[in-house]
Amino acid sequence: MQVPLGPKRVYGYAVEDGRAFPGDAAKLRALVERVDGPRAFDATGLALARYLADTYVCSLREALGAVVLSGAVPRAVDTIRIATPRPPEPLPTNVPPRLAALLWGDAREGIGVEALLRNPEARRAGDRRALLAALTALVAAGAITRERTFARPAIAARRVRLLRIGETTIAGAKANALLAFVRDAGEVRRADAVLAGFSTALVRRAVKAGALVEEERDLVAARGGMRTRLPAVTPTDEQDVAIDAIRALVTAKKYGQLLVHGITGSGKTYVYLAAIAEVLAAGGRAIVLVPEIALTPQTARRFEDAFGDRVAILHSALSERERFEAWQAAARGDVAVVVGARSAVFAPLADVRLIVVDEEHESSYKQDTVPRYNAVAVARERMRLAGGVVVLGSATPSLEDYARARARRFPLVTLTRRATALPLPTVHVLDLRKERGVGERSILAAPLLEAIGKRIEAGEKTVLFVNRRGAARFVLCRGCAHVPECPRCTTSLAAHRVEGLLRCHYCDFQIPIPNVCAQCGHTEIKEYGLGTERVASEVLRLFAHAKVVRMDSDTTTRIGDHARLLEAFRESGDVLVGTQMVAKGLDFAGVTLAGVVEADVGLNVPDFRAAERTFSLIMQVCGRSGRARLGEAYVQTYAPEHPAIAYAAAHDYDGFAIAELRERKELRYPPYGSIVYIGVIGRDRTAVIERAESHAQALREADAGEILGPAPAPVARLNDEWRYRIAIKSRDVAQTRTAIRAVVLPSAKHDTLTRTAINVDP
């Protein structure tokens, strides 16, 4: 509903029945308007919001922001429209010509500001701050207008947009591939075509030309008795044990959880499918969480094959309207299974008896903005409220869950063999101190290069993991040792050779790669550190005829790019070079070699989970190899003796977990204690330090736990704001939260120079 708040009108939620006003009723102001539309959240959603507010020390309003789908409430929409036939001459000094060309080409009928800021071509013209400043300048010049409207939620039955072959043709190799894709399927959802790598512009052009016909259709509500089609495979003995264990928990009709610790390729997805099939047959419903949007289409396809239109998918290829309709379909009971990333845990699905969390160890389940919740913890709370079951699945479970399972707080089921009966790949650890001590100039050691060459000759595939995008971590002048840094962040600028830019990976500040040092004028500028771009270039330099596919956040800026690149690698690629998005969930029969180019990158960051994350990444990358035929893996490192690397090379999760948990126990890190970070952020460094010191002293006096700091955050300045951090180690997190509410929030509320960020369970 719309309510008056001072001189403004704002939208608010009704969370309780009306109550008597204790003061003068004459002072009450009338509601401005009641918004007609579907309910923004149900009783479960409100209960979860209250849980978020209590657990993660935020307001109920902030918590409801996570629970309520954005399309369910009115929102402000800013639209840019062209007001002059041509760009102004001369352009305002802060308006990049590339942005002007984009605007006068695409914005004649209006373009949303947020859509413009996400456009890859606009991003090449400048970062978010620069683009917004340029738009302001163009508005001031009268060249464009910026209009604000309020979009209200649509009330509609669940509908899908379907494509089928039309009566005409359309030229172009990509267009022909799109038509073949639709023709082979008979008809496909428009969102599925986009996820398959075909752009929305291409689909629109094919429809306009009559080569494709697009229609909207209502989906029939799901019925519990609809046929389920599981994959036609015979489950292994270990899979049967896991399915039986889940069945026993679900049948008990009370809260329970179970950890499925299965090596890569052991068939965990089949276990999920079989368990969900039994829940649906008994009249219940299920939610499946996947760690990243990039994995959603691949996982979702398996669930759609098994359960058909009873599945609602929440992914990036859906329009906001389609996401909203899928959300409402869950609320109406038209679907029985919801598959999606982190926020899908809040789907308004009734009678949920099972939540599956795939790759439960992934850090992407933790939200990094308010409310800073962990979707795994929310899944537990939701099933505790409903008397349902949480199934956690991973080849490298989080140490906290592994420790709880070993302590018999909930069952642990292990899958020790691959479903194909093939062994895990042999892992070779390459000590770069020795490999590069004999004059080796390549960034890839000789044994790995030899292995790649053999795979290319044999027509087999290789996956190379690099934990950084771009060509180099930084550039350095050989004359004066100057390193170009971001003027807004305390970090060096990374080189991106293809774009010819030095770029900040935090705020996206960018400048052209210099040919001459800005400090001394020296012309010898050298690149240091590795990135995906440089590794891909090196492979092409050494294997000129190889088909190399690069997959990182620079090459996957548009919806469908993930699927397009993976399909290119599947069909004709020899080597896939990528960041974390190639390290998990990908299953290619032809991959017989995996390589970790720099295993040490994540080991030295100031994070108590650094070793765990490095171990998990190495295990996951190596697990891409040898799924359909014998494979091997190479790990390049300067620290082969580090436990995270040595245990990963031996595929020894238990050994690593026991050693790491022993250290955590001594230091009282989770699961043997809790961690809370209190961050103080602001443009005035002195004010930030003073506020952080004040918070730390107040927390010590309130006996909130062991108070460490304040100290500069790992990135001390980000986007022109200084960041200091206090760490609280405690055995009683409830007491810590109480202290934060009592002594931190009241003082932070009235501070106009800084803001305080609270991160429970970072």
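For the structure, check the block above.
Definitions and limits used
Residues numbered from 1 in each chain as written. Predicted model: local features only at pLDDT ≥ 70, side-chain atom pairs only at ≥ 80, totals over all residues. Heavy atoms only, no water. Helix = DSSP H or I, 4+ residues; strand = E, 2+ residues; numbered from the N terminus. Rg over C-alpha atoms; globule rule 2.2 N^0.38 Å. Contact = heavy atoms within 4.5 Å. Areas by Shrake-Rupley, 256 points an atom, 1.4 Å probe, with all protein chains shown as cover. Lys, Arg positive; Asp, Glu negative; His and termini not counted. Charge placed at Lys NZ, Arg CZ, Asp CG, Glu CD. Axes fitted to C-alpha atoms, helices over the stretch in contact; angles between N-to-C directions. Parallel < 35°, antiparallel > 145°, perpendicular 65-115°, else oblique. Pairing = 2+ DSSP bridges. Expected span 1.5 Å × (residues − 1). Buried < 20%, exposed > 50% of the residue type's maximum accessible area, 1.4 Å probe, protein only. Phe/Tyr/Trp six-rings, centres within 6.5 Å; stacked < 30°, edge-to-face > 60°. Lys NZ or Arg CZ within 6 Å of the ring centre and 35° of its normal. Polar contact = N/O pair within 3.5 Å; in protein donor to acceptor, adjacent residues only side chain to side chain. Core = buried A, V, L, I, M, F, W, Y, C linked by side-chain atoms within 4.5 Å. Salt bridge = Lys/Arg side-chain N within 4 Å of Asp/Glu carboxyl O.

Turning next to the overall build of the protein. Each helix and strand in the protein was counted, giving 24 helices and 30 strands. Expected size for 762 residues packed as a compact globule is a radius of gyration near 27 Å; at 27 Å, the protein falls within 12% of this value. Sequence-distant contacts, at least 24 apart, represent 75% of the contacts inside the protein between residues at least 6 apart. A total of about 35,000 Å² of accessible surface is found on the protein, and carbon and sulfur atoms cover 51% of it. If you average the places of the 106 positive and of the 88 negative side-chain charges in the protein, the two averages end up 3 Å apart.

Close contact between helix H7 (residues 173-185) and helix H9 (residues 200-209) brings their axes to 11 Å; oriented N to C, the two are set at 75°. Classed by the angle they form, the pair H7 and H9 counts as roughly perpendicular. Contacts from Lys174, Ala175 and Leu178 of H7 reach H9 at Leu202, Val203 and Ala206.

What follows deals with the sheet that holds strand S12 (residues 337-340). The seven strands lie next to each other as S11-S12-S10-S13-S14-S9-S15, forming an open sheet whose pairing is parallel. Bordering the open sheet on either side are strand S11 (311-314) and strand S15 (412-415), each of which pairs with just one other strand. Strand-to-strand twist in this sheet, taken as the mean axis angle between neighbours without regard to direction, amounts to 15°. Two strands pair when backbone bridges link them, and strand S10 (residues 285-289) and strand S13 (residues 352-358) are joined in this way by five bridges, in the parallel orientation.

For helix H14 (residues 375-386), with 12 residues, the first-to-last C-alpha span of 16 Å sits near the 16 Å given by 1.5 Å per residue. H14 sits mainly inside the fold: nine of its 12 residues count as buried. Among the residues of H14, those classed as buried are Ala375, Val376, Ala377, Val378, Ala379, Arg380, Glu381, Arg382 and Met383. Those residues of H14 that are buried lie in contact with helix H1 (43-55), strand S9 (256-262), S10, S13, strand S14 (389-394) and helix H15 (399-406).

Here we come to the packing of aromatic side chains. Counting across every chain of the model gives 11 aromatic pairs. Centroid distance Phe346 to Tyr373: 5.2 Å. Interplanar angle 75°. Geometry classified as edge-to-face. Residue Phe346 is located in the loop between S12 and S13, and its partner Tyr373 is located in the loop between S13 and H14; the two are separated by 27 residues in the primary sequence. Given the relative accessible area of 1%, Tyr373 is considered buried. Pairing Phe615 with Phe656 gives two aromatic rings, centres 4.3 Å apart and planes at 5°, and the pair type is stacked. In this pair, Phe615 sits in helix H20 (residues 610-622) while Phe656 sits in helix H22 (residues 653-667), placing the two residues 41 residues apart along the sequence. Taken together, the ring pairs in this structure connect Tyr402, Phe615, Tyr647, Tyr653 and Phe656 into an aromatic cluster. Between the NZ or CZ atom of Lys526 and the centre of the ring of Tyr528, over which it lies, the distance is 5.8 Å. Over the aromatic face of Trp722 sits the side chain of Arg685, whose NZ or CZ is 4.3 Å from the ring centroid.

Take the side chain of Arg691 next. Mapped onto the elements of the fold, Arg691 is located in helix H23 (residues 685-701). Residue class for Arg691 comes out buried when judged on its relative accessible area of 19%. Of note is the side chain of Arg691, whose polar atom sits 2.8 Å from the side chain of Asp751. Contacts of Arg691, omitting those with residues within four sequence positions, involve Val680, Ser747, Asp751 and Thr754.

One ladder, built from four bridges, connects strand S1 (residues 2-5) with strand S2 (residues 8-11); its direction is antiparallel. By the bridge assignment, Leu5 is partnered in S2 with Lys8. Between the antiparallel neighbours S1 and S2 lie two residues, among them Gly6 with a positive phi of about 60°.

What follows concerns the nonpolar core. Generally speaking, nonpolar side chains in soluble globular proteins are found buried as a group. Counting residues in each nonpolar core, the largest one holds 62 residues, and the members touching the most others are Leu52, Val338 and Phe346. Residues in contact with Val338, not counting those within four places in the same chain, are Ala286, Ile287, Val288, Ala312, Leu314, Ala330, Ala344, Ala347 and Leu349. Among the nonpolar cores identified, the runner-up in size contains 33 residues, and Leu249, Ala300, Val311 and Val413 belong to it.

Ordered by their spatial adjacency, six strands build an open sheet running S16-S26-S25-S17-S24-S23, and the pairing between neighbours is parallel. Sheet topology places strand S16 (426-431) and strand S23 (548-551) at the edges, where each strand pairs with a single neighbour. Within this sheet the neighbouring strands show an average axis-to-axis angle of 15°, counted without direction. Bridging between strand S17 (residues 461-465) and strand S25 (residues 591-596) involves five bridges; their strand directions are parallel. For Val463, the partnering residue across the bridge sits in S25 and is Ala594. Along the sheet, helix H17 (residues 446-458) makes contact with S16, S17, strand S24 (575-578), S25 and strand S26 (632-637), crossing S26 at roughly 150°.

This part takes up unusual backbone geometry. Looking along the chain, the bond that leaves Val370 and enters Pro371 is cis, with omega of -5°. Residue position: Pro371 is located in the loop between S13 and H14. Notably, Val57 is not glycine yet its phi reads approximately 50°, a positive angle. Turning to its location among the elements, Val57 is positioned in the loop between H1 and helix H2 (60-67).

Tallied over the full model, the rule gives 38 salt bridges. Where Glu524 meets Arg478, a salt bridge forms, and the shortest distance between an N and an O atom there is 3.8 Å. Pair noted here: Glu524 is in the loop between strand S21 (510-512) and strand S22 (525-528) and Arg478 is in the loop between strand S18 (474-477) and strand S19 (494-496), with a separation of 46 residues, a long-range link. The partner of Asp761 in a salt bridge is Arg609, and the shortest N-O contact between them spans 3.6 Å. One end of the pair, Asp761, is in the segment after strand S30 (755-760); the other, Arg609, is in the loop between S25 and H20, and 152 residues separate them in sequence. Residue classification places Asp761 among the partly exposed positions, given a relative accessible area of 30%. Note on Arg609: relative accessible area 11%, which makes it buried. If you follow the salt bridges from partner to partner, you end up with Glu400, Arg609, Glu612, Arg664 and Asp761 in one network.

Since the α-helix advances by 3.6 residues per turn, residues separated by three or four positions end up pointing in the same direction. In this model helix H11 (residues 268-281) runs 20 Å from its N-terminal to its C-terminal C-alpha over 14 residues, within 8% of the 20 Å that 1.5 Å per residue would give. Counted residue by residue, H11 has 12 buried out of 14 residues, so it is predominantly covered. Downstream of H11 by a residue or two, Gly283 has a phi angle that is positive, lying close to 95°.

This part is about the environment of Leu349. Relative to the helices and strands, Leu349 is located in the loop between S12 and S13. Taking the C-alpha atoms as reference points, Leu349 and Val338, separated by 11 residues in sequence, lie 8.1 Å from one another. In contact with Leu349, other than residues within four places in its own chain, are Arg285, Ala286, Ile287, Ala330, Val335, Ala336, Val338 and Arg382.

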